Each structure stands twice: as structure tokens, then as C-alpha cells.
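Fold and geometry: a report
So you can see what is in the structure, the chains are spelled out below.
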Amino acid sequence: MEKQELSHILVILAGLLRAVGIACMIALIFMGARLRYIFLIALLTVGGIFTTVLSFLLGILSFTHAVIYEVVVIFINVLVFFHAYREKKNLPPPKPSETTRCVVCSAYIKPNQEYFVLRCGENYLYFDTEEHLKRFLENIEEYKKFRNLQIKEPECYYIHSKRIWVDLKQKEVGVSKSN
Ligand SMILES: [Zn+2]
């Protein structure tokens, strides 16, 4: 094939790389993932597109190497995306403030003592004991009316002392890396 035809294939692959990069970035922005991952994907995408096509045209990379390079960049983008997604999912909830109270018994939540956090969509509910968390889950409709809570279905809960999230549906446990 002519060099021009080959570079067309690279441009098509670059289009795929761009599409994957943009899709990953939009998903991460909506997820509220860390900015560093969004920048990293932007850099990989823009850098990947320019360097592959350019280095092929300049004869620095052979066609095969340029294709491998582009595919590898796409693969790295997807890896960065999943890493950011997992980290976001396992990130600890916000620390309780001075006015945070247990939803069940209204006791103040002390940040340096044991507490439990229930995640319902974007909302976090705090409990001073596991027993109160369980009581809330068993009588969720009553507590929602009683406390006038506008919350989504509970997904998982956080055990402060163990720094882990426990899924309510599966038994999957995610260990949080940062504080
Ligand atoms: Zn309580």
C-alpha cells in the first residue's frame, strides 16, 4: 500500500483513539473523578494522535509500530479510566462535621470514634453504631418520612474503623487507599 493509504488507516485509528479519549473524559467528569486522571487521558489522547501520525509521516515509526503505538495508547486510556473509576468508588466518604448527627438517635458523630456511613446516590447518612444503621435499613420508609429525607436507594455502607465500603447487594468490599 502507498504511504498515503497507510497514513489514512492511522488517521482512522487516531479517530478511534480520540473517540475513546473523549468518552473516558466525559464519563470521568460526570463521575466527579480526580482531575489528574482527566488531564492524563487528555494528554495521552492528544499526544498519541499527534506523535503516531507525525512520526509515521516523518519515517520515525514504521506502519506496524505506529499501529501498535496507537492501540497501546487506547488501551492505556481505558486502564486509566478503570483505575479512576475504582478509586472514585472506594474513596472514603466526607468526614462528619461538628453538626453531623446519627439519623436514628440524633447523637453527634465524632470523627475520631467509630461511625458508619450509608451511601444513597449522592447523599451520605451517618450512624454512630452498626445497630442504628441496620435499624435504619430495616425501617427505611419510616425514617425517610420521619426525617424528611429525599434520598435514592442505599448502595453501600462505610465502616470508619476498617476504612472499607461494604456493598449492600453483593458482598464485595472495596478497600480505600487514601484518606
Ligand atoms: Zn444512633
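What you see is a predicted model; the values in this text were computed from it and never measured. (Residues numbered from 1 in each chain as written. Predicted model: local features only at pLDDT ≥ 70, side-chain atom pairs only at ≥ 80, totals over all residues.)

1. As for helix α2 (residues 35-57)
Operational definition: Numbering of helices and strands runs from the N terminus, with a helix taken as a DSSP run of H or I at least four residues long and a strand as a DSSP run of E at least two residues long. Every helix has an expected span of 1.5 Å times one less than the residues it contains. In this scheme the burial state of a residue depends on its C-beta neighbours within 10 Å: 20 or more other such atoms mean buried, 12 or fewer mean exposed, and anything in between means partly exposed; the C-beta positions come from the backbone. By the convention adopted here, residues are in contact when the distance between their C-beta atoms, placed from the backbone, does not exceed 7 Å.
With 23 residues, α2 should reach 33 Å at 1.5 Å per residue; the first-to-last C-alpha distance of 33 Å fits that figure. Along α2, the positions that sit buried rather than exposed are Tyr37, Ile38, Leu40, Ile41, Thr45, Gly48, Ile49, Thr52 and Phe56. Those residues of α2 that are buried are in contact with α1 (3-31) and α3 (63-90). Just beyond α2, the residue with positive phi is Gly59, at close to 80°.

2. Notes on the UniProt feature "transmembrane region" (unreviewed entry) in the chain
Where we set the bar: UniProt positions are given in the numbering used here, feature names are shortened, and annotations may be inferred rather than shown by experiment.
Mapped onto this structure's residue numbering, the UniProt feature "transmembrane region" (unreviewed entry) falls at residues 6-30, 37-61 and 67-85. What you have in residues 6-30 is 100% helix and 0% strand, and the ends, taken at the C-alpha atoms, are 36 Å apart. A distance of 27 Å separates the end C-alpha atoms of residues 67-85, which is 100% helix and 0% strand.

3. A few points about the nonpolar core
Rules: What makes a nonpolar core is a set of buried Ala, Val, Leu, Ile, Met, Phe, Trp, Tyr and Cys residues, with links drawn between C-beta atoms within 7 Å.
Formed by 16 residues in total, the largest nonpolar core has its most connected members in Val103, Phe116, Val117, Leu118, Tyr126 and Phe127. Those elements that provide at least two residues to this core are β1 (116-120), β2 (123-127), α4 (130-138) and β3 (156-159). Aside from chain neighbours lying at most four places away, what touches Val117 is Pro93, Tyr124, Leu125, Tyr126, Tyr157 and Tyr158. Ala33, Tyr37, Leu40 and Val80 belong to the second largest nonpolar core, which has 11 residues in total.

4. Things to note about the environment of Cys156
If you trace the backbone, Cys156 turns up in strand β3. Counting along the chain gives 37 residues from Cys156 to Arg119, while the straight-line C-alpha distance between them is 5.6 Å. When near neighbours in sequence (up to four residues on either side) are disregarded, Cys156 contacts Arg119, Trp165, Val166, Asp167 and Leu168.

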